[in-house]
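Listed here are the chains, written in short residue letters.
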Amino acid sequence: LPRRFSTARCSRSRPVAVAFMGCLDAAFGGFRSSLEGHFDHRIFLSGFFANGIFAVFLCYFGYRLGIDLYYVALIAFGLRIFNNIAIIRRLLMGS
């Protein structure tokens, strides 16, 4: 591949994926709270960065222990994302 299309190293792909899931969780949570009428940008920004940083720390800590802790973060963030999507759907449908 040409240099401009180089891929990320495998050692960084898991923490980046988990951090992305954490930030996506915060984004859906922010959208949900805005639909519910109690959005606060300070809470959103702190949750956005705290989720991403915590997810990367969890991956790093698991790597140092020899345990795949990124699965824990993926499951937790995935459940929260689907829960937020279900609530957003109910709010948009009006029931």
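Residues numbered from 1 in each chain as written. Predicted model: local features only at pLDDT ≥ 70, side-chain atom pairs only at ≥ 80, totals over all residues. Heavy atoms only, no water.

Visitor: Any chance you could break down the overall build of the chain for me, citing the residues and the numbers?
Guide: A count of helices and strands for the chain gives three helices and zero strands. Split into buried and exposed, the 95 residues of the chain put 26% on the buried side. Contacts in the chain between residues at least 24 apart in sequence constitute 78% of all its contacts with a sequence separation of at least 6. Counting only carbon and sulfur atoms, one obtains 67% of the accessible surface of the chain, whose full area is about 7200 Å². (Helix = DSSP H or I, 4+ residues; strand = E, 2+ residues; numbered from the N terminus. Buried < 20%, exposed > 50% of the residue type's maximum accessible area, 1.4 Å probe, protein only. Contact = heavy atoms within 4.5 Å. Areas by Shrake-Rupley, 256 points an atom, 1.4 Å probe, with all protein chains shown as cover.)

Visitor: Tell me what's going on with a nonpolar patch on the surface, and back it up with residues and numbers.
Guide: A contiguous nonpolar surface patch, about 640 Å² in accessible area, is contributed by F54, F57, Y60, F61, L65 and I67. Among the secondary structure elements, I67 is positioned in the loop between α2 (41-65) and α3 (70-93). (Patch = residues over 30% accessible without salt bridge, like charges linked within 9 Å, V, L, I, M, F, W, Y side chains within 5 Å. Salt bridge = Lys/Arg side-chain N within 4 Å of Asp/Glu carboxyl O.)

Visitor: Talk me through α3; I want residue IDs and the actual numbers.
Guide: Residues spaced three or four apart along an α-helix point in a common direction, a consequence of the helix completing one turn every 3.6 residues. Helix length check: α3, at 24 residues, gives a terminal C-alpha distance of 34 Å against a target of 34 Å (1.5 Å per residue), a fit within 8%. Restricting attention to buried positions, one finds in α3 the residues Y70, A73, F77, G78, I81, N84, A86, I87 and I88. Just past α3, the residue G94 takes up positive phi, approximately 85°. (Expected span 1.5 Å × (residues − 1).)

Visitor: An account of the nonpolar core is requested, with residue identities and associated values reported.
Guide: Counting eight residues, the largest nonpolar core consists of V18, A55, L58, C59, L69, Y70, A73 and F77. Elements supplying a minimum of two residues to this core: α2 and α3. If sequence neighbours within four positions are ignored, L69 has contacts with L58, F61 and G62. (Core = buried A, V, L, I, M, F, W, Y, C linked by side-chain atoms within 4.5 Å.)

Visitor: Account for the pattern of salt bridges, naming residues and giving values.
Guide: Within the structure shown, the criterion is met by four salt bridges. Among the salt bridges present, the one from R32 reaches E36, with a minimum N-O distance of 3.3 Å. With R32 and E36 both in helix α1 (residues 10-36) and four residues apart, the pair spans about one turn of that helix. In this structure E36 comes out as partly exposed when scored by relative accessible area, which is 33%. For D40, the salt bridge identified is with R42, shortest N-O distance 3.7 Å. On the basis of relative accessibility, which here comes to 24%, the residue D40 falls in the partly exposed class.

Visitor: With reference to specific residues and values, describe α2.
Guide: Across its 25 residues, α2 extends 36 Å between first and last C-alpha, which sits within 8% of the 36 Å expected from 1.5 Å per residue. Among the residues making up α2, those that are buried are N51, G52, A55, L58, C59 and G62. At the C-terminal side of α2, G66 shows a positive phi close to 80°.

Visitor: Break down the confidence of the model for the chain for me, citing the residues and quoting the values.
Guide: Across the chain, pLDDT averages 88, with 87% of residues at or above 70. Ranking the elements of the chain by mean pLDDT puts α1 last, at 89, and α3 first, at 93. (pLDDT = per-residue confidence, 0-100.)

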